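Residue-level structure breakdown
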Amino acid sequence: MKLLLLEDDAVLSDILLDFLREFYDVDYAFDAQEATTLLEQHHYDLLIFDINVPGKTGLELLKELRDFHMTTPAIVITAYHDVSYLKQAFETGAHDYIKKPFDLEELHSRIENSRRLFHIEHSDIFNITDTITYNPQSTLLRNGENTYTLTAKEAAILTYFLTHSHRTISNEELMQNLWSYEEMPSDATIRSHIRTLREMLGKTLIVTVRSIGYRLESTSSP
């Protein structure tokens with residue numbers, strides 16, 4: 001189970017990392033910018049975000065991720081006892097919260113409860129062909145003897161293709177569903193992602209439909 005911890009308190013973060021890494025694979029971010037970089041590079045099963053971090057708050061980052069259609073479960077850490085912050089956390093897309101100060105075993109219990117609630121580690125596997133499989137939970141793509149770990153954006157594009165297989169998908173549809181308004185990519189950026197996916201999948205599975213977009217010719221589903 002891979003976690004991303006966003007926490008700016010150096011002492012608390014050291015304590016949490018020492019404890020959590022006994023049970024999980026944990027990456028750490030001091031602020032929202034570092035967290036965003038890690039999210040672009042890795043897939044996570046669970047997010048643990050402190051609200052009050054430098055720059056963009058944990059809730060602001062979580063809202064951006066939800067606007068981007070990222071559904072990864074999130075636990076919010078808060079020092080606030082005002083109910084309005086808890087209400088905002090749930091409205092933003094958190095599914096659980098924990099108030100400072102807290103016991104480490106309480107956090108562990110909440111993480112394990114998240115594992116059960118969201119069936120983490122029991123994700124469906126896409127059988128793209130007889131020799132190519134894709135696990136959207138771990139973002140691992142296996143093609144014969146080769147295994148690839150997709151970036152967050154590559155994973156989002158491939159998952160979108162797989163859930164809309166045998167249908168032609170335009171660049172505009174990908175932009176609207178997989179990018180936020182503030183980060184709209186160019187056509188060249190999308191072509192670059194498609195080229196990378198073709199290198200991993202083989203050049204024939206993602207078909208270019210001239211003047212319209214792309215279509216994935218998968219042979220089966222989860």
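That block above? That's the structure.
We now turn to the structure provided with this report.

Time to look at the overall build of the protein. Each helix and strand in the protein was counted, giving 8 helices and 11 strands. The C-alpha atoms of the protein give a radius of gyration of 19 Å, which matches the 17 Å a tight globule of 222 residues would have. By principal-axis analysis of the C-alpha atoms, the protein measures approximately 55 × 35 × 25 Å. Here the protein holds 222 residues, and the buried ones make up 45% of them. Counted over contacts in the protein with a minimum sequence separation of 6, partners at least 24 positions apart contribute 55%. When the accessible surface of the protein is totalled, it reaches about 11,600 Å², and 49% of it is carbon and sulfur. Each charge sign in the protein was given a centre, from 20 positive and 35 negative side chains, and these centres are 8 Å apart.

It is worth spelling out the environment of valine 209 at this point. Following the sequence through the fold, valine 209 ends up in strand β10 (residues 206–209). Here the alpha-carbon distance between valine 209 and isoleucine 169, two residues 40 residues apart in the chain, equals 8.9 Å. The contacts of valine 209, once residues within four sequence positions are left out, are Thr168 and Arg215.

The rules we used
Residues numbered from 1 in each chain as written. Predicted model: local features only at pLDDT ≥ 70, side-chain atom pairs only at ≥ 80, totals over all residues. Heavy atoms only, no water. Helix = DSSP H or I, 4+ residues; strand = E, 2+ residues; numbered from the N terminus. Rg over C-alpha atoms; globule rule 2.2 N^0.38 Å. Buried < 20%, exposed > 50% of the residue type's maximum accessible area, 1.4 Å probe, protein only. Contact = heavy atoms within 4.5 Å. Areas by Shrake-Rupley, 256 points an atom, 1.4 Å probe, with all protein chains shown as cover. Lys, Arg positive; Asp, Glu negative; His and termini not counted. Charge placed at Lys NZ, Arg CZ, Asp CG, Glu CD.

Any functional reading would require information that these geometric values do not contain.
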